[in-house]
Structure formats: C-alpha cells, structure tokens
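Inside the fold
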Amino acid sequence: MQSTIPVLEDIDAARVTRQEASGHQRVYLETYGCQMNVSDSEIVASVLQKAGYGLTRDPEQADVVLLNTCAIRENAEQRVRRRLGHFRARKRKRDRHLKIGVLGCMAERLRYKLLEQERLVDVVAGPDAYRDLPRLLDESAETGQSAVNIQLSREETYADIAPVRYGSNGVSAFVSIMRGCDNMCAFCVVPFTRGRERSREADTIVDECQALFEDGYREVTLLGQNVNSYRHGTCSFPDLLNRISLTVPAMRVRYSTSHPKDCSRELLEVHRECPNVCNYIHLPVQHGNSEVLERMRRGYTAEHYRALIARAREICPGVSFSTDIIAGFCGETEAEHQDTLDLMREIRYDYAFTFMYSERPDTYAARKMRDDVPEAVKKHRLTEIIELQNSISLENNQQEIGRIHTVLVEGNSRRSDRQLCGRTDTNKMVIFDRHHYVPGQYVRVRVTGCTSATLLGVPVQAI
Ligand code: 5AD
Ligand code: SF4
C-alpha cells in the first residue's frame, strides 16, 4: 500500500483566478505513503482553501510546495528526501520566494532534526497540526524563519473539516474514522508518528457518507490505522458499519486497515448481514510463525490467525482476503520464513502487500533487537514471497472465469479509453469494453479471462 501517490489538482478555475488576482498564493501538494495520507491531504487542501490559498497540480506554478510524507520504511523517507532536494535546489537557484513544507509522519519523526538535515524547509507540520498550517505559513513568511508544529493530540479527528476530494475519481472516496494507533507492534513507527488512538464522532461519519452519496459517490473506504478498535461513546466499529449500511444502502462500504486481534464475530456478522459491506477483508498477518509474531508483539499466534480466517470463511462464504507480510524481521530463521510461505499456501490470499523489514529508530525492535538478517537474505525471502503470491493470485483469478460479478465502474482502464475498469465486491479489478456504461454504475460482468492482477470480462447487464 506504500506507493507514491501524487494527488494534485486545481480547484475550479474561477476561484484560482480570483485568488491569483487578490494576490493569494498557490499550493502544490504531493502525497506519499498510505491511504490515510491521501485522506489527510484532502483535509490539508480544505484548510488551505478556506484560508484563501489556491491549489495547483503544476509544481512550477506553485508558491508553496508541501510534501505529505511517510516514515514507515527507510526507502519511503529516502524518496521524500530526494524530492525535497529537488525543490531545495529550485529555491536556491532560481526561486528564493518558494516556500517548502514537510507534513505528516516524517515531520513528526524527525521534528527539529529535519530542519538541521534539510535546510531551506520553511514549514514542518505533524499529522495533528494541519489546522495550524495557515498560521505556520504566515509566521515563516513574516519572520523568514522555519515554523514548526509537531504537537500530537489526543482529540484531533478533523471531524468538522469537509475534505476537498481533489484526487478522487468521483466514485470512490476515503472517509477517515479514527486516527493514531495504540498497538505498538515492535517494528512499527506509526504509534510514534501518529500518536494515540482516537475515534471520530459517529454522526459526523454517517453524515459524510450520506453527503458523498448525494454527490454521486458509490463507494467509501473507512480509514484508520486500526479501524476495528474504533469506538465513540457506545458505538463500536460493527455498530458504525451497520449504521452506514442502513443509511446509505446503495453505497459500497470497505475499510482499511484492521488488526487480527480485534476482528470479532460481531464484525464478521455485519459482513454477512449487510449486503453493501463488501465481502473483502484486508487482514495483515505480518508473519506465519508464532515465535516471530511474538517478537513482533502482534498479540496473536499463527494458529489463532488461521482459526480466525476459518471462522470468517464459515460466516461469510466467498470472503476475499488480502494481507501485509514482512520478510526478514529480527532473528528470522529459514524455517520461520518457510512457515510464512506455508501459511500463504494454506490461506491463499487474493493479494499481499509485501515488505522487507526496515529498522525504524525508537521502535521496540530498534531498541531491543538486532536487525540481523542480511540484506541479501531479506531480498531473497521477499522474492520467494512475491513469486508465491503471484502464482496464488493467478490461480485464484483463474477460478473466477465463467463467474458473474457486480462491478462498480470507476473509470477508463489504464490501457484504453474504449475499456472501463471497476472492482468486484471482493476487491478484484475487472476490465471490460465500455459499451454505454459510465463511472458510478453497477454492472453485472461475466469473467472471461485474467492475469494475476486483473480480471477481464464482458458486461451482461447494468443494474
Ligand atoms: N519494515 C517493513 N515493513 C513495515 N511495515 C510497518 N513497519 C514496517 C517496517 N519497519 C509494514 C507492515 C504494515 C504495513 C503498513 O507496513 O506490514 O502492516
Ligand atoms: Fe503499526 Fe501495528 Fe499500529 Fe499497524 S497495528 S499501525 S503495524 S503499530
């Protein structure tokens, strides 16, 4: 899920012109990392727009460049540093009025160090400081110095801020429902960068989903670092799903990401009972060996995880699973690695997000364990995991041939405007000829072919 997602957009032309005319500045916003960051960038855009800034998708046109960053692995940070280097060079050589800001997890992790290491950064704002961005930009403009807010909050959920959905396809939207994480997995920097868990008031979430439906959206993905520990007052995560499902019955509902230790029977029953709650669960296992899971401080064993998958398949027949897997965690032996491959063969995920372990400063693993699996071994194990998953994904997709799925059309396929793409309830991407169908429509599609990543189909009828 860690990919560079440049989400850049102009707001409507009239507003931009007005703002330019009134001397207001234009912001270019680039987003790295997880879906939560994409959602946060929509909040940042809203805060800045309200303060009179214009947004631009062209960095060359920008007076302010903001990078919303990710700290989850070393290579994510390196990518941001390279990009920062590019903008700093521009500022130094030909554009000394350019303001550069670093937002999000890297800002939080590196704090003042970022200013020492990356000179010419004007604004540093952590994930709970986005309301303060206009003030930070003003302060740095007035003083000519860097302005910093890396305060984490126990309450901030941005519940009252209407996100500006500038990167969206108009069909599918992210809705943030909780922030932070209290789990403290040994490898993970997120609890340090995003702070303590807190949930957003349920009414505001249901209202946002309803408003999205009225705006033409047909799918929401509820976001949080650990959505199944959502709780606001007496409203639990299964209660929230139920409420959204009943309030907007023609809206598909997905969520990401969840933790196996909190995946309750009640939640599985909501999947079964609510037709618009998708029959798909992203359930990160991280590893297939119980001792490694204990070292990772995940709070479950491989047996517990297997039992959970079996229960889910019993309650929700046909449910699809994806997962996250880390190769080469501290002390991982070849036999332990083989346990991951065995678990994958047994569970047969439809998709896996796979990573090489990357030590993150301050985490439990960095403080107490040795990052002792050689890089080459990590790489080799990761390759084995990826190859196995590709073959399982292909076999799973081949089994779909001949079946009919309801596909929510998202837009043009990447390869051709004559074809559309959309996803099944089970989160598989399907490509089919356009005919007269349009984004936002539900279409029944018969699967006729596949690759390991995509299904190919022919429309049978619209719904
Ligand atoms: N090294 C490698 N992968 C990591 N993840 C989190 N922290 C690390 C790390 N230090 C992975 C986990 C998590 C996903 C979002 O990123 O698999 O579920
Ligand atoms: Fe990180 Fe674990 Fe929290 Fe996920 S549950 S964000 S892996 S600490």
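Bear in mind that the values here come from a model prediction, so they are computed numbers and not experimental data. (Residues numbered from 1 in each chain as written. Chains lettered and ligands numbered in written order. Predicted model: local features only at pLDDT ≥ 70, side-chain atom pairs only at ≥ 80, totals over all residues. Heavy atoms only, no water.)

Thoughts on the packing of helix H3 (residues 74–94) against helix H4 (residues 105–117)
Viewed as axis vectors pointing N to C, H3 and H4 meet at an angle of 40°, and their least axial separation amounts to 13 Å. In terms of their interaxial angle, H3 and H4 are classed as oblique. For the element pair H3 and H4, the recorded crossing hand is right-handed. Seen from H3, the contacting residues are Glu-77, Val-80 and Arg-81; seen from H4, they are Met-106, Arg-109, Leu-110 and Gln-117. Residue composition of the contact of H3 with H4, grouped by class: three nonpolar, one polar and three charged. (Axes fitted to C-alpha atoms, helices over the stretch in contact; angles between N-to-C directions. Helix = DSSP H or I, 4+ residues; strand = E, 2+ residues; numbered from the N terminus. Parallel < 35°, antiparallel > 145°, perpendicular 65-115°, else oblique. Left-handed = near helix turned anticlockwise from the far one by under 90°. Contact = heavy atoms within 4.5 Å. Nonpolar A, V, L, I, M, F, W, Y, C, P; charged D, E, K, R; others polar.)

Considering the pairing of strand E14 (residues 252–256)
Counted residue by residue, E14 has five buried out of five residues, so it is predominantly covered. Alternating residues of E14 divide into Arg-252, Arg-254 and Ser-256 and Val-253 and Tyr-255, and every residue in both groups is buried. For strand E11 (residues 219–223) and E14, the ladder comprises five bridges, and the chain directions are parallel. Note that in E14 the partner of Leu-222 across the bridge is Tyr-255. (Buried < 20%, exposed > 50% of the residue type's maximum accessible area, 1.4 Å probe, protein only. Pairing = 2+ DSSP bridges.)

Some points on the pattern of salt bridges
Within the structure shown, the criterion is met by 36 salt bridges. Glu-332 serves as the salt-bridge partner of Arg-381, at 2.8 Å between the closest nitrogen and oxygen. Of this pair, Arg-381 sits in helix H14 (residues 375–398) while Glu-332 sits in the loop between strand E16 (320–327) and helix H12 (334–347); the two residues are 49 residues apart in sequence, bridging distant segments of the chain. Summarising the burial analysis for this pair, Arg-381 and Glu-332 share the class buried. In this structure, a network of salt bridges that share partners links the residues Asp-40, Asp-128, Arg-179, Arg-194 and Arg-198. (Salt bridge = Lys/Arg side-chain N within 4 Å of Asp/Glu carboxyl O.)

Considering the packing of aromatic side chains
Under the definition given, this model contains eight aromatic pairs. Between Tyr-130 and Tyr-158 the ring centres are 6.0 Å apart and the planes differ by 15°, which places this aromatic pair in the stacked class. Taken together, the positions of Tyr-130 in the loop between strand E6 (123–125) and helix H5 (133–143) and Tyr-158 in the loop between strand E7 (147–149) and strand E8 (172–176) put the pair 28 residues apart, joining distant regions of the chain. A residue is classified by how much of its surface remains accessible, and Tyr-130, at 0% relative accessible area, is buried. The class for Tyr-158 is buried, based on a relative accessible area of 1%. On the basis of an interplanar angle of 70° and a centroid distance of 4.8 Å, the ring pair of Tyr-351 and Phe-353 is categorised as edge-to-face. Here a set of aromatic residues connected by ring pairs shows up, and it is made of Phe-187, Phe-329 and Tyr-357. Positioned above the aromatic ring of Phe-213, the side-chain terminus of Arg-218 is 3.9 Å from the ring centre. Against the face of Tyr-364 rests Arg-297, its NZ or CZ located 3.5 Å from the ring centre. (Phe/Tyr/Trp six-rings, centres within 6.5 Å; stacked < 30°, edge-to-face > 60°. Lys NZ or Arg CZ within 6 Å of the ring centre and 35° of its normal.)

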